[in-house]
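Read off the chains here:
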Amino acid sequence: SSGWVSHLVQQLALAMWLDPAVTKQLEVAAATYTARREALCAELGKQGITVQAATGLNVWIPIGDEATAVGSLLGNGWLVAPGSRFRIGSPPGIRVTTATLPTDLASECAAAVAQACRVAMSLRSGPRA
């Protein structure tokens, strides 16, 4: 039933925590995820987009018009999430998951995000005479 964890599952979890091979695999995964996140943040910085993403698998990019940015990125082959599902009091933004983003694609992704930001800003400011 809910709330009950079998002894078998508990023993398995303990065995994994104590297994040096599992520990090494977790360290490799953590280093890989950190490198991917940091690569995207650095490339975004080169595009003039400052973000704070010290930990985790996601990068939050503030942007006024989430739907336009998400649509622009999707149109260019990048799938990101609108921030509305992940925020309570934060201003609008998009959430980019870096878990599967190879570091050699960080520059391309950042350029697409910068373009999406420009599109969102131009639509937000309205048509020009």
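Think of each chain on its own: its residues are numbered from 1, step by step along the sequence as written. Confidence filtering applies because this is a predicted model: local features only for residues at pLDDT of at least 70, side-chain atom pairs given and counted only at 80 or more, and all residues used for totals across whole chains, interfaces and linings. Computation of side-chain values covers all heavy atoms of the structure but excludes hydrogens and water.

A. Structural context of the side chain of Arg37. Within the fold, Arg37 resides in helix α2 (residues 20-46). Pairs of N or O atoms within 3.5 Å make up the polar contacts considered here, provided that, within protein, one atom can donate a hydrogen while the other can accept it, and that residues adjacent in sequence are counted only when both atoms are side-chain atoms. A polar contact of 2.7 Å, which involves the side chain of Arg37, links it to the backbone oxygen of Gly56. A contact between two residues is defined here by any heavy atoms of the two lying within 4.5 Å. If we ignore the near neighbours within four places in the chain, the residues touching Arg37 are Ala53, Ala54, Thr55, Gly56, Asn58, Val59 and Thr98. Only DSSP runs of H or I covering at least 4 residues are called helices, and only runs of E covering at least 2 are called strands; the numbering of each starts at the N terminus.

B. Representation of helix α1 (residues 7-18) within the structure. A helix is expected to span 1.5 Å for every residue after the first. Compared with an ideal rise of 1.5 Å per residue, which puts 12 residues at 16 Å, α1 spans 16 Å between its outermost C-alpha atoms and is within 8% of the ideal. Buried residues are those whose accessible area, probed at 1.4 Å on protein chains only, stays under 20% of the maximum for their type, while exposed residues exceed 50% and partly exposed ones sit between those limits. The buried fraction of α1 amounts to 0 of the 12 residues, a small share that puts the element mostly on the outside.

C. Representation of the nonpolar core in the model. Put simply, buried Ala, Val, Leu, Ile, Met, Phe, Trp, Tyr and Cys residues joined by side-chain atoms within 4.5 Å make one nonpolar core. Core analysis: the biggest nonpolar cluster contains 25 residues, and Leu44, Ile61 and Ile94 have the highest contact counts within it. Broken down by secondary-structure element, the contributors of at least two residues to this core are α2, β1 (58-62), α3 (66-75), β3 (93-97) and α4 (106-124). Top element by residues in this core is α4. It accounts for 8 residues. If we ignore the near neighbours within four places in the chain, the residues touching Ile94 are Val59, Trp60, Ile61, Ile63, Glu66, Ala69, Val70, Leu73, Val80, Ala81 and Gly83.

D. Molecular detail of the pairing of β3. Across 5 bridges, the pairing between β1 and β3 is antiparallel. Paired with Trp60 across the bridge in β3 is Arg95. DSSP bridges decide pairing: two strands pair if at least two such bridges lie between them. Direction of pairing for strand β2 (residues 81-82) relative to β3: antiparallel, over a ladder of 2 bridges. Residue pairing across strands places Ala81 opposite Arg95, the latter belonging to β3.

E. Highlighting the pattern of salt bridges. One side-chain nitrogen of Lys or Arg within 4 Å of one carboxyl oxygen of Asp or Glu is enough to make a salt bridge. A full pass over the atoms with the stated rule returns 2 salt bridges. Here Glu43 makes a salt bridge to Lys46, at a shortest N to O gap of 3.2 Å. Within this pair, Glu43 and its partner Lys46 are both found in helix α2, separated by 3 residues, close to a single helical turn. On the accessibility criterion, Glu43 (18% relative accessible area) is buried. The exposure class of Lys46 is exposed, given its relative accessible area of 65%. Of the charged contacts, one joins Glu66 and Arg87 as a salt bridge, the two residues approaching to 3.0 Å between their closest N and O atoms. On the criterion of sequence distance, the pair formed by Glu66 in helix α3 and Arg87 in the loop between β2 and β3 is long-range, its members being 21 residues apart. Glu66 gets classed as buried once you look at its relative accessible area, which sits at 9%. Residue classification places Arg87 among the partly exposed positions, given a relative accessible area of 25%.

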